[in-house]
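Observations on the three-dimensional arrangement
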Amino acid sequence: MRLLERVLTVICVCLMAGIVIVPTTQVVLRNVFTLPFIGAEELTRFLLICLVFVSYPLVVQNGENIVMGEIKAALPKKLRGIINVCISITAVAIGLFLAWVTVTNISKNLLNATPTLGIPFWIFLGATFFGFAGAAVVHLLHLRKPPQADTNIAV
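A brief structural summary. No experiment lies behind these values; they were computed from the predicted model shown.

1. A few points about unusual backbone geometry
Keep in mind that most residues, glycine aside, have a negative phi and that most peptide bonds are trans. Phi angles above zero are rare outside glycine, and Thr-34 is one such case at about 50 degrees. Along the chain, the position of Thr-34 falls in the loop between α1 (2-31) and α2 (40-61).

2. Digging into the environment of Cys-14
As for its position among the elements, Cys-14 is in helix α1. In this structure Cys-14 comes out as exposed when scored by relative accessible area, which is 51%. Distance in space between the C-alpha atoms of Cys-14 and Ser-88 is 30 Å, their sequence separation being 74 residues.

3. A closer look at the pattern of salt bridges
Scanning the model with the defined rule gives one salt bridge in all. For Glu-5, the salt bridge goes to Arg-2, with nearest N and O atoms at 2.8 Å. Linking Glu-5 with Arg-2, this pair stays in helix α1, spanning three residues, or about one helical turn. Its relative accessible area of 16% is what places Glu-5 among the buried residues.

4. Some details on the packing of aromatic side chains
The tally for this structure, following the rule as stated, stands at four aromatic pairs. A ring pair is formed by Tyr-56 and Phe-132, whose centres lie 6.0 Å apart and whose planes are at 75 degrees; its orientation type is edge-to-face. Of this pair, Tyr-56 sits in helix α2 while Phe-132 sits in helix α5 (residues 121-144), and the two are 76 residues apart along the sequence. Between Phe-97 and Trp-100, the ring centres sit 6.1 Å apart and the planes meet at 35 degrees, which makes this aromatic pair tilted. A residue pair is termed a helical-turn pair when its members lie 3 or 4 positions apart in one helix, as Phe-97 and Trp-100 do in helix α4 (residues 77-108) at three residues. Counting every residue linked through ring pairs, the aromatic cluster contains Phe-53, Tyr-56 and Phe-132.

Here is what the cut-offs are and how they apply
- All residue numbers here refer to positions counted from 1 along the written sequence of the relevant chain.
- The model is predicted, so local features are restricted to residues of pLDDT at least 70 and side-chain atom pairs to those at 80 or more, both for listing and for counting; the totals for chains, interfaces and linings are taken over all residues.
- For the side-chain quantities, the full set of heavy atoms in the structure was used; hydrogens and water were omitted.
- Note on conventions: DSSP H or I runs of at least 4 residues are helices, E runs of at least 2 residues are strands, and numbering of each starts at the N terminus.
- Working definition: with a 1.4 Å probe on protein chains only, accessible area under 20% of the residue-type maximum means buried, over 50% means exposed, and in between means partly exposed.
- Between Lys or Arg on one side and Asp or Glu on the other, a salt bridge is scored when a side-chain nitrogen of the former is within 4 Å of a carboxyl oxygen of the latter.
- Two rings from Phe, Tyr or Trp (for Trp, the six-membered ring) form a pair when their centres sit within 6.5 Å of each other. Planes less than 30 degrees apart are called stacked, planes more than 60 degrees apart edge-to-face, and all others tilted.

Structure follows, in structure tokens:
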């Protein structure tokens, strides 16, 4: 699992680097060489969308998603455990449902592409599918081995 997490982290770092490099290149090309970088805005938006969804399983894995730790910390330990299980079950169901909806949309839009660069629509939705399906798997793993205790500053 650590290898998969590292590979995913490298992919996310590359996407983030692209988000910085593409607009920087556009500014340099326009201001220094007076050459337009056609599609730079679309490519940057594409990289941002991919980064958000590809990194989502990492966010869940590392417990960085919103957990309302202050409210849960105020509850009795047994009730907190029940709520954690309910949250994980609900998150698995929602993640799988959204992954299924995404696959359905991919199958209906296989021939669509972005207007300027012609990036296939299924690549956008592929990142979305990966994010939701990956997060569902991580939540499923959390059912078997719950994440460490919530750490929050307020308590």
